[in-house]
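Summary of structural features
Okay, here's what each chain looks like letter by letter:
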Amino acid sequence: MEKVQALIRKNAVMVFSKSYCKFCNKVKDIFRTEKIDFHSIELDLMCPEGAVIQDALAKLTKQTTVPNVFLHGEHVGGCDATVKLFRDGTLAERALGTYRKRDFDLVVIGGGSGGLAAAKEAASLGRKVAVCDFVTPSPRGTKWGLGGTCVNVGCIPKKLMHKSALLGADIKDSNHFGWEKVERAKHNWEKMAYEVKSHILSLNFGYRSDLMLKKVQYYNAYATFLDKHKLKLVDKNENVIEITSDNIIVAVGGRPNYPDIPGAREYGITSDDLFYLQNCPGKTLIVGASYVALECAGFLAGFGLDVTVMVRSILLRGFDQQMAYMIGAHMESHGVKFLKNTIPLRITEKSPGSPGELAVAYKMCDGKVKEQQFNTVMFATGRSPCTSNIGLEEIGVELNKRNGKIAVDDYERSSVKNIFAIGDVRDRTPELTPVAIQAGRLLAKRLYGQHDEPMDYKMVPTTVFTPLEYGCVGYSEEDLIALFGPEDIEVYHTHFQPLEFTLPERDKNKCYGKLICLKSAGEKVVGFHILGPNAGEITQGFALAMKLNAKKSDFDDLVGIHPTCAEIFTTMLISKASGISVEKSSC
Ligand code: FAD
Ligand code: NDP
């Protein structure tokens with residue numbers, strides 16, 4: 001016992017170990033990789049003294065197993081306890097004897113999809129957690145409550161407005177299903193905006209009470225780093241406090257970009273404002289041609305508005321371009337105008353009002369400059385992460401210089417060990433709500449629970465909520481051809497006519513599905529694409545099959561559900577290479 005106590009006193013990091021024990025080796029490896037000096041003795045190599053020492057350790061600590069670890073005289077425990085300190089980032093400080101209790105185990109900056117998920121998970125694992133969330137108003141002055149982009153200015157209002165537009169199309173179709181006087185139906189923007197806003201307010205309230213229930217401290221304040229463990233929080237009344245935390249997760253998301261042209265910020269809006277407009281936007285120009293632009297153009301046109309999309313280069317960069325082309329063609333056939341290869345030059349106000357009149361000068365690809373008048377101009381020209389001016393670089397957190405996002409390893413850890421990044425602000429991450437949520441939950445479980453695995457960012461399904469929805473998972477056709485060569489790819493495809501489109505005879509040969517298979521992997525399905533109603537619902541299910549490495553033969557073996565759109569994937573027999581037409585001539 002005296003020898004044991006002397007060893008613990010003399011060595012800041014003392015490991016009682018056995019040479020053949022894998023858990024002992026794991027603990028020693030951690031100390032080595034963390035460059036922490038330690039002293040260990042191998043009890044199995046000290047015969048017969050080793051057994052006596054183990055008995056003494058059992059009396060002292062009530063732990064009968066090895067490794068048995070002590071830091072600065074304090075008993076830590078075995079392998080799991082040491083790994084826990086390593087994971088939660090305090091091991092090095094405890095080994096050096098510099099660890100001081102901080103206000104929180106974890107502070108999350110950003111109360112959006114990722115931040116809230118991480119905070120709630122960490123709290124449910126028994127940790128002391130805080131969330132700081134603050135919404136800087138848009139240049140127009142629009143602001144909102146807790147929940148981040150998705151809830152307030154993203155997925156939720158967007159999907160509700162998309163639904164509103166789809167209802168308009170259904171009302172028109174309903175005449176063919178026996179409903180009468182449908183031509184009198186008209187869209188009321190104010191009513192829709194009020195209902196959507198009320199729903200968002202209820203969600204904001206729900207998030208706040210959820211944090212309270214889970215005992216997560218909520219600060220409605222803007223956070224900046226003072227050092228790697230200390231944050232300055234400033235609330236809307238300029239009150240300042242400082243808090244400290246062992247670990248900090250940065251989940252601050254992004255905000256929309258404005259092009260650098262005269263009048264953009266003065267007269268333009270972004271998706272941050274669109275969902276909160278009190279009045280109908282009227283004749284609208286949308287600049288940009290990706291998710292946000294096409295989704296918003298889709299629902300505005302669905303309300304019967306005059307909508308133009310200004311496309312700088314291509315539609316939906318990064319997506320399968322055959323599908324992007326089809327989406328554009330469908331939207332065009334439903335009245336959306338496209339100004340292709342065009343960029344805006346300046347916006348001037350012709351007359352003020354809600355909405356007023358704006359003149360937009362723009363340059364076409366042939367160099368010609370033209371001008372058109374619109375009531376509303378909305379920029380959907382990408383988003384930038386909220387990483388500038390919060391002190392990240394000053395404390396050594398590495399950013400990707402090209403896009404300002406936080407560079408992290410596979411475990412979301414930044415270049416500063418106790419600082420992590422998840423969601424839209426994490427470099428090399430699909431900017432999607434479920435991705436942020438999953439990453440947040442898993443990070444908290446890795447830090448404070450029993451989970452070891454990193455988040456799997458592959459095979460993430462997504463859907464663009466255009467009037468005909470586009471769902472996909474896996475590779476685009478052109479990416480696969482570039483990666484594996486055309487001879488290794490087989491594409492099966494078909495157009496289809498949803499039964500509900502037959503009576504109104506609408507959108508014939510507009511819906512389409514394709515499966516892209518890798519021949520050398522036994523026709524493993526590596527790309528799934530569908531353009532049609534409820535594509536999001538359909539894609540979610542098939543994404544599981546893709547994650548489980550389904551082959552084309554598995555799709556063929558599956559029995560369809562009739563009459564649905566999804567069933568086409570169980571009977572997809574025509575390959576693109578065959579050149580056989582997949583257009584539908586009858587039902
Ligand atoms: P956010 O949700 O953006 O949350 C970050 C929070 O941090 C914000 O509240 C912000 O105000 C706050 N913050 C920033 N800086 C600070 C600071 N210094 N101190 C305190 N607080 C700070 N995804 C989908 O999956 N499906 C969709 O249908 C979909 N539709 C979308 C539609 C639109 C119009 C947009 C813009 C996005 C859409 N997205 C969609 C993307 C989705 O909204 C984001 O991927 C998701 O919200 C990212 O979550 P996050 O936690 O990373 O950040
Ligand atoms: P993106 O970055 O995807 O697209 C930006 C678009 O703006 C591109 O078409 C780009 O054209 C164009 N653009 C950029 N700068 C200019 C400029 N100066 N002048 C003219 N055009 C310009 O951004 P989004 O805002 O559409 O979406 C952001 C993210 O939000 C997406 O990546 C997505 O993950 C997420 N999101 C998800 C949704 C969903 O899941 N349904 C819905 C909405 C958003 P070019 O191609 O030429 O560069």
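The structure under discussion appears in the preceding block.
This report concerns the structure included in the present document.

Section: the pattern of salt bridges
- Scanning the entire structure with this criterion turns up 29 salt bridges.
- Between R255 and D272 there is a salt bridge; the shortest N-O distance is 2.9 Å. Highlighted residues: R255 in strand β11 (residues 254–256) and D272 in helix α11 (residues 271–274), separated in sequence by 17 residues.
- Classification of D272 as buried rests on a relative accessible area of 2%.
- Here D456 ties to K547 by a salt bridge, and the two come within 2.8 Å at their closest N and O atoms. Here the residue D456 occupies a position in the loop between α14 (433–448) and β22 (462–464), and K547 occupies one in helix α16 (residues 535–547), the gap between them amounting to 91 residues.
- Connected via shared salt-bridge partners are D320, E477, K514 and K576.

Remarks on the side chain of D173
- Take D173: it is sitting in helix α8 (residues 155–174).
- Side chain to side chain, D173 and R506 meet in a polar contact 2.7 Å long.
- Excluding residues within four positions of it along the chain, D173 makes contact with P504 and R506.

Focus: the pairing of strand β18 (residues 369–374)
- Relative to β18, strand β17 (residues 357–363) runs antiparallel, the two sharing 6 bridges. By the bridge assignment, A361 is partnered in β18 with E371.
- Counted along the chain from β17 to the antiparallel partner β18, the turn is 5 residues long, and its residue G367 has a positive phi close to 90°.

Examining the sheet that holds strand β15 (residues 337–339)
- With respect to topology, 5 strands assemble into an open sheet ordered β12-β19-β13-β14-β15, the strand pairing being parallel. The sheet terminates laterally at β12 (269–270) and β15, the two strands that pair on one side only.
- Note: strand β13 (residues 284–287) against strand β14 (residues 307–310), 4 bridges, orientation parallel. Residue V287 lies in a different strand from β14, and its bridge partner there is M310.

Cut-offs used in this document
Residues numbered from 1 in each chain as written. Chains lettered and ligands numbered in written order. Predicted model: local features only at pLDDT ≥ 70, side-chain atom pairs only at ≥ 80, totals over all residues. Heavy atoms only, no water. Salt bridge = Lys/Arg side-chain N within 4 Å of Asp/Glu carboxyl O. Helix = DSSP H or I, 4+ residues; strand = E, 2+ residues; numbered from the N terminus. Buried < 20%, exposed > 50% of the residue type's maximum accessible area, 1.4 Å probe, protein only. Polar contact = N/O pair within 3.5 Å; in protein donor to acceptor, adjacent residues only side chain to side chain. Contact = heavy atoms within 4.5 Å. Pairing = 2+ DSSP bridges.

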